[in-house]
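A closer look at the structure
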Amino acid sequence: MSDVIDKVNETAKHENIAGEDARPPKETLNKSEFRTKPKPSADIPKQEEQGEEGLTKSALKKKAKEEEKAKKKAEKAAKAKEAEQVREAAEGPDFAAAHYGKLPLHQSQSRSNRERTDIATLSAKNDSEHVLLRARIQTSRLQSNKMAFLSLRQRTDTIQAMLAVNDKQVSKQMVNIVLVHGTVVKSPESIKSCSIDDVEIHISEIWLVAGVEGRLPFSLEDASRSETAPEVEGQFSKVLLDTRLNNRVVDLRTQTNQAIFKLQHAIGDLFRNYLNNNGFTEIHSPKLQGAATESGASVFKVGYFKGNAYLAQSPQLAKQMAIAADFERVYEIGPVFRAEDSNTHRHLTEFIGLDLEMTIEEHYHEVKELLDGMFKTIFKGLKERYAKEIAVVGKQFEAEEFKWREETLTLTFREAVDLLVEDGVDRGILDDINTENEKRLGRLVKAKYDTDYFIIDKFPLELRPFYTMPDPNDPTLTNSYDFFMRGEEILSGAQRIHDPEFLCQQMLAKGVDPESMKGYIDGFRMGCPPHGGGGIGLERVLMLFLKLNNIRRASLFPRDPKRLEP
């Protein structure tokens, strides 16, 4: 069986240089090399100057070369002898063979019901306890010929484990998912490389659950380095985003990514719990539709038997029809498809939408205020309940802590434009606020109001979809709003048009044929209350809260105009 400790570092080599005692014996000198010193005479040529031990310089040089040759020969022989001893030890009887190896592929052959340990629960209080745990070897380090250190990981938690040869349970043959038996030992000093820093595990048994075929495309150590760390040639390599995404399964094993997607789960969970506690019902709408809901240029057309269908840009129409069906308050978490050829840091062709819709009693600000309360609950929940995961991500993606105010800053669209004009932006280009000016506005708001989160209300009619309700006092504006984080939009919402005739007028004005959406309009002909809502991009919220700088890092397997794999 191959040497398991040697597997920890395949390039490790045994070196044992011979010391002083390995020197060859002094060379016996030939008598002919001695000469009687001649008397000085003008007729006798001057002899070569003699050195140590009465030898000439050339003889001394020759002697030194021979000694060096003998020394190297002795070193080579010593290494060969050591290698032979290692080989004999490996091929000889292995007294620890019952404590390591590969588990069978089909493991459901028996059931011991022995308790398994979560790494996160271990501390100095568990000193001397025997534990059984399954983990992935995150990193490994060969300390010597008879000792190796492993970093074992379960999701975001890591612990150091030591594997050392002894004459009872652990042999040299014992060393990438593994099942480990060992003893918890209190560490005399903090282990800075692991999240569990006050104890380590001394391994007595280690079993391979799943191994690696071939070589990993990059090391997890390189993939976990700070984004601001400079690349040092010969020491480590910077793992580029495309390389990560092409090998996403390996990339997702880093502690940073484990934490990112724990936080993504948390956002969805907090969103769902908040709405459940406020009387909402979760729905699941179809993603195949017979017509485009907003703009035909931004939808995916797919073959549907003898005709065509479109992938839903949002659950907007289904949400509204649920309100017409007296559901009162609904939400959905599901995929959204956008056929926009946008190769930017914040656009995907498929993302997870967090959508909601609710009836309005008196004013559309009821919806805006509920959405605002929901976001602040999410921010607070992340900060209070997931501080550890946020800290893990912050080690690789350093960022200022996300800030919000208890009383959320709300600007009208005109007030936002005025802020930009005061900062030197030409008012003539601000009919719409583009991405560059959104970010600029975010910086201005942060400097003036010390918040990363704010709302813009009352958008111009021309900037909103056909189903948006116009402002009752100014028909050029709408009862609509956008929410922003760090100067980028995370939610777009509004009061919807619930009158079928007025809806048809607005559809025609936007170039949408009412007949193509007859089923949607007919839902309002049977009576529908005033209502409003909004749509949120889950990945964008996550990206901006953590400041990941690219939305692909916030998507498990991202889809954009250039990526359909993996």
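Now for a description of the structure that goes with this document. (Residues numbered from 1 in each chain as written. Predicted model: local features only at pLDDT ≥ 70, side-chain atom pairs only at ≥ 80, totals over all residues. Heavy atoms only, no water.)

1. A word on the overall build of the protein chain
When its secondary structure is counted, the protein chain shows 14 helices and 17 strands. Out of the 566 residues belonging to the protein chain, those deemed buried represent 45%. When the accessible surface of the protein chain is split by element, carbon and sulfur atoms take 49% of a total near 31,800 Å². (Helix = DSSP H or I, 4+ residues; strand = E, 2+ residues; numbered from the N terminus. Buried < 20%, exposed > 50% of the residue type's maximum accessible area, 1.4 Å probe, protein only. Areas by Shrake-Rupley, 256 points an atom, 1.4 Å probe, with all protein chains shown as cover.)

2. Observations regarding a nonpolar patch on the surface
A surface patch of nonpolar side chains, about 250 Å² in accessible area, is lined by Val249, Leu556 and Phe557. Along the chain, the position of Val249 falls in helix α5 (residues 248-251). (Patch = residues over 30% accessible without salt bridge, like charges linked within 9 Å, V, L, I, M, F, W, Y side chains within 5 Å. Salt bridge = Lys/Arg side-chain N within 4 Å of Asp/Glu carboxyl O.)

3. Remarks on the packing of aromatic side chains
Per the counting criterion, the structure on display carries 18 aromatic pairs. Ring geometry for Phe454 versus Phe484: centroids 5.2 Å apart, planes at 5 degrees, classification stacked. Taken together, the residues Phe454 in strand β14 (residues 453-457) and Phe484 in strand β15 (residues 480-485) connect sequence positions 30 residues apart. This pair shows no difference in class: Phe454 is buried, exactly as Phe484 is. Aromatic rings pair up to connect Tyr364, Phe375, Phe379, Phe402, Trp404, Tyr453, Tyr481, Phe483 and Phe545 into one cluster. Lying across the ring of Phe459, Arg464 places its NZ or CZ 4.5 Å from the centre. (Phe/Tyr/Trp six-rings, centres within 6.5 Å; stacked < 30°, edge-to-face > 60°. Lys NZ or Arg CZ within 6 Å of the ring centre and 35° of its normal.)

4. Points about the pattern of salt bridges
Note on pairing: side chains with opposite charge can pair once their charged atoms come close. Inspection of the entire model under this criterion finds 30 salt bridges. With a closest N to O distance of 3.2 Å, Glu357 and Lys319 form a salt bridge. Taken together, the residues Glu357 in strand β12 (residues 350-359) and Lys319 in helix α7 (residues 316-324) connect sequence positions 38 residues apart. Given the relative accessible area of 0%, Glu357 is considered buried. Salt bridges here are not isolated pairs; linked through shared partners, they connect Lys319, Asp355, Glu357 and Arg496.

5. Thoughts on the nonpolar core
Met374 and Phe375 are the most contacted members of the largest nonpolar core, which has 52 residues in total. Broken down by element, this core gets its largest block of residues, ten residues, from helix α6 (residues 255-276). For Phe375, the contacting residues outside a window of four places in its chain are Tyr453, Phe483, Ile490, Leu491, Ile536 and Val541. (Core = buried A, V, L, I, M, F, W, Y, C linked by side-chain atoms within 4.5 Å. Contact = heavy atoms within 4.5 Å.)

6. A look at the pairing of strand β16 (residues 488-495)
Residues in a regular strand point their side chains to alternate faces of the sheet. Of all eight residues that make up β16, six are buried, and the element is covered over most of its length. Examined bridge by bridge, β15 and β16 share six bridges and lie antiparallel to one another. Across the sheet, the residue bridging to Tyr481 is Gly493, located in β16. Counting the residues in the hairpin turn of β15 and β16 gives two residues, including Arg486, whose phi is positive at 50 degrees. Where β16 lies against strand β17 (residues 531-537), five bridges are found, and the strand directions are antiparallel. Pairing of Gln495 across the sheet is with Gly532, part of β17. (Pairing = 2+ DSSP bridges.)

7. Things to note about a negative patch on the surface
A surface patch of like charges, here negative, comprises Asp326, Glu328, Glu361 and Glu362. Mapped onto the elements, Glu362 comes out in the loop between β12 and α8 (365-385). (Lys, Arg positive; Asp, Glu negative; His and termini not counted. Charge placed at Lys NZ, Arg CZ, Asp CG, Glu CD.)

8. Topic: the side chain of Lys63
Within the secondary structure layout, Lys63 lies in helix α2 (residues 57-91). Given the relative accessible area of 14%, Lys63 is considered buried.

9. Considering unusual backbone geometry
Backbone torsion omega between Glu565 and Pro566 reads -10 degrees, so that peptide bond is classified as cis. On the secondary structure map, Pro566 appears in the segment after α14 (538-546). You will see that Ser128, though not glycine, has its phi angle at about 80 degrees, which is positive. Considering the arrangement of structural elements, one finds Ser128 in the loop between β1 (100-102) and β2 (130-144). Located in the positive-phi region is Lys547, a residue other than glycine, with phi close to 55 degrees. Structurally, the position occupied by Lys547 is in the segment after α14.

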